[in-house]
Amino acid sequence: METYQQFINGALVDSHSAEWIEVENPYTNEIVARAPKGDECDADRAVAAAKAAQPAWAKWAPVARAAYLKKFAQLIRDNRVELARTLASEQAKIMPLAQVEIDVTAEYFDYYAGWARIYEGEIINSDDPRENILLFQKPIGVVAGICPWNFPFFVMARKVAPSLLAGCTTIIKPSSNTPATTFAFARLAASLDLPAGVLNIISGSGATMGKALVRHPDVDMVSLTGSVEAGQEILRDAADKVMKTSLELGGKAPAIVFPDADLDLAVSGVTDSRLIYSGQVCNCCERVYVHASIYDEFVAKLKASFEAAAYGDPFADPAPAYSSQIDAAQLEKIDAMVQRAVAAGAEVVTGGGPADLGSGYFYQPTLLAGATQDSEIVQKEVFGPVLPIVKWDDYDQVIADANDVEYGLTSSIFTTNVNTVMQAIKDLNFGETYVNREHFEGIQGFHAGWRKSGIGGADGKHGLYEYLQSQVVYVRY
Ligand code: NAD
């Protein structure tokens, strides 16, 4: 069993706290690692290190900072299989998907390294012919990056890569469910000559360590990926300091299937979007609206596709479609939502309950028909392999229903008519819309939710500018 230490001021060190987080492999239910259950003292030490390191780091040329992102990418590639095994063990992600997460994370560091010579300020026309107005982009300062358990390695990089490139220094707090891969990365980072304090990685609970970071007077920005509830609490704590927050929160993505859709493409797109990583993905398709004229055929095909999806050992070769839910609490939450949906009148098309594989927290691939628009299963994030199907026959109504949730992260449409595509993308109010494909974003896009799905966003050019603030200078000559 691995035992991890905090990574503070360039060194792997013992926590001030004597308490530990035990990391469970959700599939085997064995404890596979332990990480410090750090306290406010650890947060103080990490923030002090980040604050001390930031002014010098910000003075480096961006290309010199980018050199470290490239080193991170190389170290990740050199250790890709071991990192994927650690990831698969701590969160029951099937090995091929764990490997994709590790490889995309390496690519992500390289991608942002490429921005060193690209990001820029502006020269603005003045009203005075003997004046130049210069807009500089400067780093925000000390950033606390607070991560969820579902893509712990990638989301860590989503915060580290743009913030360090921008000249910020960073403290990462992984989720208590999944600190292992992040600390495996800390060990790799500790082997580099990265200036002390530029990157710090500390574990602890959200209530203690997370809150201490958010409330700390020397933390200039918090970037959270997590639940709406955590985002709301962080916003309340940030209000006292009037601090910049970037929040990537939950989703309830609709897929709309039009009468002229390629049905096989729609079935595979919706299946992949719902079952990937046991349905525990923020941009997963969480509800599907199917036109009445193709409803029966689509549901029959989707049922066959869900029933063909195997679940089991994340290390099996060939891999199943998905493995265990993250923990017992998630499994119970998913089942309670399904049972409430059935009690409210939804009909189980397939699945409908947990599955006993001897170990792990498994839920059957589940389709529910006949749920109403205002029901919990259509309105609230399930975060499991459960999909309500809603029949529609009026364009304006289906668009209104798709938009009618408190979340606004992703959405998708399946149609072969270009006019429908252009009209629907105008009418859908979501941060992302996918046309004729599964829900999954690219690193050069901008992953940003509307409504309660968040504030700000990640990836691409706009994700980098999240970590920069402007200074406008008026130069009269
Ligand atoms: P969570 O909100 O329970 O925890 C996320 C992180 O926040 C953890 O590290 C936790 O310790 C910390 N935290 C919790 N309360 C805090 C507080 N008051 N102050 C500071 N830190 C606090 O979320 P989770 O269960 O780990 O992740 C699942 C959720 O994340 C889902 O709702 C999912 O949709 C969302 N998510 C969103 C995206 C996105 O890009 N929009 C990506 C992945 C996951």
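Here, the structure is the one placed above.
Quantities reported herein were computed from a predicted structural model and do not represent experimental measurements. Going along each chain's sequence as written, the residues are numbered from 1 onward. Confidence filtering applies because this is a predicted model: local features only for residues at pLDDT of at least 70, side-chain atom pairs given and counted only at 80 or more, and all residues used for totals across whole chains, interfaces and linings. The basis for every side-chain value is the complete set of non-hydrogen atoms in the structure, without hydrogens or water.

Each helix is a run of DSSP H or I of at least 4 residues and each strand a run of E of at least 2, with the numbering of both proceeding from the N terminus. In terms of regular secondary structure, the protein is built from 15 helices and 25 strands. For a compact globule the rule gives 2.2 Å times the number of residues to the power 0.38, and the radius of gyration it is set against comes from C-alpha atoms. Here the C-alpha atoms of the protein give a radius of gyration of 23 Å, agreeing with the 23 Å that 2.2 N^0.38 yields for 477 residues. Based on the C-alpha atoms only, the size of the protein along its principal axes is roughly 70 × 65 × 40 Å. Exposure classes here rest on a 1.4 Å probe applied to the protein chains alone. A residue is buried below 20% of its type maximum, exposed above 50%, and partly exposed in between. Within the protein, the fraction of its 477 residues that count as buried is 57%. The accessible surface values rely on the Shrake-Rupley method and a 1.4 Å probe; as for residues, cover is taken only from the protein chains in view. Approximately 18,600 Å² of the protein is accessible, and the part contributed by carbon and sulfur atoms is 51%. Of note, the protein has its 39 positive side-chain charges centred 7 Å away from the centre of its 60 negative side-chain charges. Under the convention used here, Asp and Glu are negative, Lys and Arg are positive, and both His and the chain ends fall outside the count. One atom stands in for each charge, and that atom is NZ of Lys, CZ of Arg, CG of Asp or CD of Glu.

Moving on to the sheet that holds strand E15 (residues 347-350). Strand pairing requires that DSSP identify at least two bridges connecting the strands. In spatial order, the strands read E15-E18-E19-E14-E13-E21-E22; together these 7 strands make up an open sheet with mixed pairing. The open sheet has two edge strands, E15 and strand E22 (432-435), and neither has a second partner. Each strand of the sheet is rotated relative to its neighbour by a mean of 25°, with strand direction disregarded. Here strand E14 (residues 285-291) pairs with strand E19 (residues 386-392) via 4 bridges, running parallel. Across the sheet, the residue bridging to Tyr289 is Val390, located in E19. Whether two residues touch is decided by their heavy atoms; if any such pair falls within 4.5 Å, the residues are in contact. Note on geometry: axes are lines fitted to C-alpha atoms, helical ones only across the stretch in contact, with angles between N-to-C directions running from 0 to 180 degrees. Against the sheet, helix H9 (residues 263-275) engages strand E13 (253-257), E14, E19 and strand E21 (410-414), with an angle of about 160° to E14.

Bringing the packing of aromatic side chains into the picture now. Aromatic ring pairs are defined here through the distance separating the ring centres and the angle between the ring planes. Any two of the Phe, Tyr and Trp rings considered here, Trp counted by its six-membered ring, make a pair once their centres fall within 6.5 Å; the pair's planes then place it as stacked at under 30 degrees, edge-to-face at over 60, or tilted in between. Considering all chains together, one arrives at 20 aromatic pairs under this definition. Relative to Trp392, the ring of Phe258 lies with its centre 5.3 Å away and its plane at 75°, an arrangement referred to as edge-to-face. Residue Phe258 is located in the loop between E13 and H9, and its partner Trp392 is located in strand E19; the two are separated by 134 residues in the primary sequence. For the pair formed by Phe258 and Trp392, the shared burial category is buried. Following the ring pairs from residue to residue traces out a cluster consisting of Trp149, Phe151, Tyr277, Phe383 and Phe440. Sitting over a ring, as applied to charges here, requires NZ of Lys or CZ of Arg to be within 6 Å of the ring centre and within 35 degrees of the ring normal. Positioned above the aromatic ring of Trp20 is the side chain of Arg34, whose terminal nitrogen or guanidinium carbon lies 3.9 Å from the ring centre.

On to helix H13 (residues 395-403), then. The set of residues buried in H13 consists of Val398, Ile399, Asp401, Ala402 and Asn403. Lining the buried residues of H13 we find E13, E14, E19, helix H14 (418-427) and strand E23 (450-451).

The next subject is helix H8 (residues 228-241). Residue count minus one, scaled by 1.5 Å, sets the expected span of a helix. Over its 14 residues, H8 runs 20 Å from end to end, which matches the ideal 20 Å to within 8%, given 1.5 Å per residue. Here H8 has its buried residues at Val228, Gly231, Ile234, Asp237 and Ala238. On its buried face, H8 is in contact with strand E8 (142-146), helix H7 (206-215), strand E11 (221-225), strand E12 (244-248) and strand E20 (407-408). At the C-terminal side of H8, Val242 shows a positive phi close to 50°.

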